[in-house]
Amino acid sequence: MYKLLFINILFITFGSYSYTQTHGFCGTGAQENHLIRERMFQNRENKSLNSTRSGAIKYVPINYFLTAKNDGTGRLRYIKVLENICDINRIYADQEISFYIRSINDVNNTFIYDDPSSTFGFAALNNIEKNYNNGINLFVASKANGSSQGVLAFYNPTGDYLVSESAQVGGKGYVLAHEIGHFLSLAHTFYGWESTTYDCSQACPTEVFIGGVSVKVEYFDRELTVNGKKHCLISADGFCDTQADYNCGFGFNGCVWSGCMVDPDGKGLNPDEKNIMSYFLNNCHEFFSEEQKAAMARDYASSARSYLRATAHTPLPPVENAPGNPTALINGFNSVNIKWDAVPNATHYILEYAPVSLSTPQFKNHILQRTDTTFTNLTKGTKYAWRVTAYNATNPCPKSTAILSFTNSNFGVGTNDTELELSDVSIQYSGLNQYTINLFANKSELLQFNLYSVDGKLLSSENLNIQAGANSIRKYVDGTGLFLFQLSNSQRSISGKFFAY
Ligand SMILES: [Zn+2]
């Protein structure tokens, strides 16, 4: 007889930094790169824009908009935002730029979630975006462009926002570091060749065209001058310390390019495979050039970017540790108290949990400002994995507990039929059209949230999915002044007011 040994292994992953190959391309097109390069040229002509590094960190705000379908499903987990911004900060560290979390917003809109590049998705996105003139706005959707599946992410210079497919938000900072490069006035290193394919059987042209606009083809020779001006300053991306690149990376498999392309003088190319603005997307990206960094510093200092500098960010001290003493106290299947010790300098915690039994865990996650909560909506006799992560806006690199577990009991504590109790209901206005609904609920429930103007006109009405425990729900509001709200179910309602300025 075989003696069977059952080992109960907690085999569940909360996701980790994965550096799988990136297959796809940037959706910031030729026309957009043209506008971006024009801005870079204008900034460079403006001698008042300082590009030297002083040692003072520039804190740049980012608003993340995590979209889901109308019913709230499909949203990327909050922890991915922390991993993403942590990685991007590592890439920008030598530029004295540190991105911080201005806000993480839940947006339930199927149009944006399914295709932010569709007509409806675009309109819905613009409607939200116009209310957030306080940071770089990054929309995360299931895909970046529904009709062009290879698009990983893009920057829209007209709307001045970024869009990314959810798979690119996480511990893969390079795709969004590239898009932020566009945001800060960098064109592709191969600018001009977006819609022209190099033909090795033909002589290399001296100019290529984008929508009828001529772009000078860059030469291998860095010292070549035209009318006393370095050719590399006015051709392609406009930088002399990025090598000539005729879109060598597109479709090339590897990080050491070889190919038949030669410049108009017949000299073979040697593109910068590791430059973040190139198209060598198979994990080749490592750096920006010094001229690119100077252009980004000038763009940050420009009047067009004054809104990034409008609110001085007081950096918060580092969050050094994961939450200590994480505990799950099981009173019954419908009452599991979760708590942990407050972490010095942490302002927020992400609580994640999922049943271990599922092959594809369905994670639930909440952003909390308190250090305890109660689950009341669990399945009987089920093993759950959970984890808590501490962070603050300036220090997003996640500090997480180990993955913990509890097995729920089969017996309840008779709270199933209790009436909904809400406590600590408040609305916190955080400036620039953003507010947060905070409340504590004894059970999960769908509530109606109505917003009224001061003269009683109904402005919006929506369902809020309240979770048992602490809730923190981010919203935006059009306009300023006094607003009234009402939170209700069929039995009761709570109302209040807040002031938006
Ligand atoms: Zn790009």
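Here is what the cut-offs are and how they apply
- Residues numbered from 1 in each chain as written.
- Predicted model: local features only at pLDDT ≥ 70, side-chain atom pairs only at ≥ 80, totals over all residues.
- Heavy atoms only, no water.
- Helix = DSSP H or I, 4+ residues; strand = E, 2+ residues; numbered from the N terminus.
- Rg over C-alpha atoms; globule rule 2.2 N^0.38 Å.
- Buried < 20%, exposed > 50% of the residue type's maximum accessible area, 1.4 Å probe, protein only.
- Disulfide = S-S within 2.5 Å.
- Phe/Tyr/Trp six-rings, centres within 6.5 Å; stacked < 30°, edge-to-face > 60°.
- Lys NZ or Arg CZ within 6 Å of the ring centre and 35° of its normal.
- Contact = heavy atoms within 4.5 Å.
- Expected span 1.5 Å × (residues − 1).
- Domains from an automatic or database assignment.
- Salt bridge = Lys/Arg side-chain N within 4 Å of Asp/Glu carboxyl O.
- Polar contact = N/O pair within 3.5 Å; in protein donor to acceptor, adjacent residues only side chain to side chain.
- Nonpolar A, V, L, I, M, F, W, Y, C, P; charged D, E, K, R; others polar.
- Pairing = 2+ DSSP bridges.
- Axes fitted to C-alpha atoms, helices over the stretch in contact; angles between N-to-C directions.

For the rest of this paragraph, the subject is the overall build of the protein chain. When its secondary structure is counted, the protein chain shows eight helices and 25 strands. For the protein chain, whose C-alpha radius of gyration is 26 Å, the value lies close to the compact-globule estimate of 23 Å for 501 residues. Taking the principal axes of the C-alpha coordinates as reference, the protein chain spans close to 85 × 80 × 45 Å. With 501 residues in all, the protein chain has 51% of them scored as buried.

This paragraph deals with the state of the cysteines. What makes a disulfide is a covalent bond joining the sulfur atoms belonging to two cysteines. Within this structure, the stated rule accounts for four disulfides. One disulfide in the model links Cys232 with Cys240; its S-S distance is 1.9 Å. Handedness of the Cys232-Cys240 disulfide follows from its S-S torsion of about 95 degrees: it is right-handed. Considered together, Cys232 and Cys240 belong to a single accessibility category, that of buried residues.

Scanning the model with the defined rule gives 23 aromatic pairs in all. Judged by centre distance (5.3 Å) and plane angle (50 degrees), the rings of Tyr92 and Phe288 are tilted. Here Tyr92, found in helix H2 (residues 78-92), pairs with Phe288, found in the loop between helix H6 (231-234) and helix H7 (290-301); they are 196 residues apart in sequence, far enough to count as distant. By relative accessible area, which is 0% here, Tyr92 ends up buried. Three or more aromatic residues joined by ring pairs make a cluster, and in this case those are Phe65, Tyr132, Phe139, Tyr161 and Tyr476. Across the ring face of Phe363, the terminal group of Arg77 is positioned such that the distance to the ring centre comes to 4.0 Å. The ring of Phe183 carries the charged tip of Arg305 above its face, separated from the ring centre by 3.8 Å.

The residue Ala236 is not glycine, and still its phi comes out positive at about 45 degrees. The class for Ala236 is buried, based on a relative accessible area of 4%. Unusually for a residue other than glycine, Asn325 sits at a positive phi of about 50 degrees. Structurally, Asn325 is set in the loop between helix H8 (306-309) and strand E11 (327-332). We classify Asn325 as exposed; its relative accessible area is 54%.

Our next topic: the side chain of Asn438. Mapped onto the elements of the fold, Asn438 is located in strand E20 (residues 434-441). Look past the residues within four positions of Asn438 in its chain and what remains in contact with it is Gln369, Asp424, Val425, Ser426, Gln428, Asn471 and Ser472.

The subject of this paragraph is H7. Compared with an ideal rise of 1.5 Å per residue, which puts 12 residues at 16 Å, H7 spans 17 Å between its outermost C-alpha atoms and is within 8% of the ideal. Within H7, nine of the 12 residues are buried, which leaves the element mostly enclosed by the surrounding structure. Turning to H7, its buried residues are Gln292, Lys293, Ala294, Ala295, Met296, Ala297, Arg298, Asp299 and Tyr300. As for H7, its buried residues are in contact with helix H1 (30-45), strand E2 (58-68), H2, helix H5 (173-183) and H8.

We now examine the environment of Val175. Among the structural elements, Val175 can be located in helix H5. Since its relative accessible area comes to 12%, Val175 is described here as buried.

Here the protein chain is described as being made up of domain 1 (25-186 + 290-309), domain 2 (327-407) and domain 3 (422-500). Relative to domain 3, the C-alpha centre of domain 1 lies at a distance of 29 Å. The partner domain 3 presents eight residues to the 10 residues of domain 1 that form the contact. Taken together, the connections running from domain 1 to domain 3 amount to zero salt bridges. Between the two partners, domain 1 and domain 3, sit three residue pairs in polar contact (both at pLDDT 80 or more). Considering every element that reaches the side of domain 1 that touches domain 3, the biggest residue donor is strand E3 (residues 97-108), with five residues. Taken together, the residues of the side of domain 1 that touches domain 3 break down into three nonpolar, five polar and two charged.

Attention now goes to the pairing of strand E16 (residues 383-391). Taking burial as the measure, the nine residues of E16 include eight buried ones, the bulk of the element. Bridging between strand E13 (residues 348-355) and E16 involves eight bridges; their strand directions are antiparallel. When the bridges of E16 are listed, Tyr349 appears paired with Ala390. The pairing of E16 with strand E18 (residues 404-407) spans four bridges and is classified as antiparallel. Paired with Tyr384 across the strands is Phe406, a residue of E18. The pairing of E16 with strand E17 (residues 399-400) spans two bridges and is antiparallel. Its bridge partner lying in E17, Thr389 is registered against Ser400.

Strand order in this open sheet of three strands is E19-E20-E23, and the pairing throughout is antiparallel. Since the sheet does not close on itself, it has two edges, and those belong to strand E19 (422-431) and strand E23 (469-476), each with one partner. Within the sheet, the average angular offset between the axes of one strand and its neighbour, ignoring direction, is 15 degrees. Where E19 meets E20, seven bridges bridge the pair, whose relative direction is antiparallel. Bridge assignment links Gly431 to a residue of E20, and that residue is Gln434.

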